[in-house]
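Here's the letter readout for the chains.
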Amino acid sequence: MGLDAVEFIISIEKHYSITLPGEDMETLGVVGDFVVYVANACEMQNGNEVEFEEVYETIKCFLNRDFDIPCNEINLKSRFVDDLGMG
């Protein structure tokens, strides 16, 4: 996992007040899978039910703001490394 990915994960953890284990993150290379994982983690760890669409929009905003990835290039099938360049 590259530095960009680690920074991104830390930002998401802080935003949602959750912990995302590194070993799980290694297997979540697609935006849609990551969105589902974060939404489920919010419910399991905090008891907060967060809408899938809200998590998706937040992830797109963070990727755009912090890594200059255009929102129109981010979709649920985007791969973080291969498509978005987060090595």
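Remember, predicted model here, so these are calculated numbers, not experimental data.

### Comments concerning the confidence of the model for the protein chain
- Within the protein chain, residue pLDDT values average 92, and 99% of them lie at 70 or more.
- Within the protein chain, the element-level pLDDT minimum falls on helix H2 (residues 22-25), averaging 81, and the maximum on helix H4 (residues 52-67), averaging 96.

### Some remarks on a nonpolar patch on the surface
- Taken together, the side chains of Leu 3, Val 6 and Ile 10 make up a nonpolar region of the molecular surface, amounting to roughly 250 Å² of accessible area.
- Here Ile 10 shows up in helix H1 (residues 3-16).
- For Ile 10, a relative accessible area of 38% corresponds to the partly exposed category.

### Brief notes about the packing of aromatic side chains
- Enumeration over the complete set of coordinates arrives at four aromatic pairs.
- Judged by centre distance (5.5 Å) and plane angle (40°), the ring pair of Phe 8 and Phe 34 falls under tilted. Taken together, the residues Phe 8 in helix H1 and Phe 34 in helix H3 (residues 31-46) connect sequence positions 26 residues apart. Both residues of the pair, Phe 8 and Phe 34, count as buried.
- Arranged with centres 6.4 Å apart and planes meeting at 70°, the rings of Phe 8 and Phe 67 form a pair that is edge-to-face. Here Phe 67 lies in helix H4 and Phe 8 lies in helix H1, a separation of 59 residues in the sequence.

Cut-off values and rules
Residues numbered from 1 in each chain as written. Predicted model: local features only at pLDDT ≥ 70, side-chain atom pairs only at ≥ 80, totals over all residues. Heavy atoms only, no water. pLDDT = per-residue confidence, 0-100. Helix = DSSP H or I, 4+ residues; strand = E, 2+ residues; numbered from the N terminus. Patch = residues over 30% accessible without salt bridge, like charges linked within 9 Å, V, L, I, M, F, W, Y side chains within 5 Å. Areas by Shrake-Rupley, 256 points an atom, 1.4 Å probe, with all protein chains shown as cover. Salt bridge = Lys/Arg side-chain N within 4 Å of Asp/Glu carboxyl O. Buried < 20%, exposed > 50% of the residue type's maximum accessible area, 1.4 Å probe, protein only. Phe/Tyr/Trp six-rings, centres within 6.5 Å; stacked < 30°, edge-to-face > 60°.

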